[in-house]
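What follows is each chain in one-letter form.
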Amino acid sequence: MHIRFDVPADPAYPGRVAAALSSVRLRKYGYIGAVLAAVGAIGFAVSRGFAWGERTSPLWLSLVVAGLLSMLYSPWVRWRARRRSSRYAVEGAYDITDDNIMMRSGLESGGIAWDGVTEVRDTPEFWIVYVGRMPATVIPRHLMSAEDAETLRAHMAKRGLLQLR
């Protein structure tokens, strides 16, 4: 297998990459926020029926607000990543073989050996490549030909790396 494709200097591309990588790590804040908001709302509703409810209202409202802020944290981080990364738009390229993934961005280049890859997650726009528990890079499917994308998918599935969302 030898797949090579270029990455154009698109100002929106680095932001999409940053959003994809951060969404993996920030998903837990949405779950935690939903639990806090639900507990706060239930506690507030239940406490209204008791005489001590007036004294505990600030606690329940604080939980609801903390939950809402936690749920908004992930979209805020993704928005900031997209806004800040637009100035990093440079041309690049990927060169993927049976042995490794080589990436070039501007004047810098780097690679990841397939033997070091522990998992690849499938998202709508990218394959997120993990080394250990950390996302190391993304492979953009929309920049590849359909034949190359299917070849790479088969290679990752054969290695047991591909995890569907």
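Residues numbered from 1 in each chain as written. Predicted model: local features only at pLDDT ≥ 70, side-chain atom pairs only at ≥ 80, totals over all residues. Heavy atoms only, no water.

(A) Structural view of the sheet that holds strand β2 (residues 92-97). The sheet built from four strands is open, its strands ordered β1-β2-β3-β4 with antiparallel pairing. Edge positions in the sheet fall to β1 (2-7) and β4 (108-113), since each has one partner strand and no second. Between one strand axis and the next, the sheet turns through 10 degrees on average, direction left out of account. Note that β1 and β2 share six bridges and pair antiparallel. Residue pairing for β2: V7 is matched across the bridge by G92. (Pairing = 2+ DSSP bridges. Helix = DSSP H or I, 4+ residues; strand = E, 2+ residues; numbered from the N terminus. Axes fitted to C-alpha atoms, helices over the stretch in contact; angles between N-to-C directions.)

(B) Focus on the pattern of salt bridges. Across all of its chains, the model carries six salt bridges by this definition. For D6, the salt bridge goes to R4, with nearest N and O atoms at 2.8 Å. The class for D6 is partly exposed, based on a relative accessible area of 47%. Judged by its relative accessible area of 47%, R4 is partly exposed. (Salt bridge = Lys/Arg side-chain N within 4 Å of Asp/Glu carboxyl O. Buried < 20%, exposed > 50% of the residue type's maximum accessible area, 1.4 Å probe, protein only.)

(C) Spotlight on the side chain of R141. Tracing the chain through its elements places R141 in the loop between β7 (134-140) and α3 (146-158). The buried category is assigned to R141, whose relative accessible area is 16%. There is a polar contact of 2.4 Å between the side chain of R141 and the backbone oxygen of T123. In this structure, R141 is in contact with D122, T123, P124, E125, F126, W127 and R153, ignoring residues within four places of it in sequence. (Polar contact = N/O pair within 3.5 Å; in protein donor to acceptor, adjacent residues only side chain to side chain. Contact = heavy atoms within 4.5 Å.)

(D) Structural view of the packing of aromatic side chains. Evaluation of the coordinates by the stated rule reveals three aromatic pairs. Measuring from ring centre to ring centre gives 5.0 Å for Y29 and Y73, while their planes differ by 70 degrees; the resulting arrangement is edge-to-face. Of this pair, Y29 sits in helix α1 (residues 13-47) while Y73 sits in helix α2 (residues 53-85), placing them 44 residues apart in sequence. Here Y29 falls in the partly exposed class, since its relative accessible area comes to 30%. Taking 6.2 Å as the distance between ring centres and 35 degrees as the angle between the ring planes, the aromatic pair formed by Y73 and W76 counts as tilted. Of this pair, Y73 and W76 both sit in helix α2, separated by three residues, roughly a single helical turn. Owing to a relative accessible area of 34%, Y73 belongs among the partly exposed residues under this scheme. An aromatic cluster of three or more residues is present, and its members are Y29, Y73 and W76. Sitting above the plane of the W127 ring, R141 keeps its charged end 5.0 Å from the centroid. (Phe/Tyr/Trp six-rings, centres within 6.5 Å; stacked < 30°, edge-to-face > 60°. Lys NZ or Arg CZ within 6 Å of the ring centre and 35° of its normal.)

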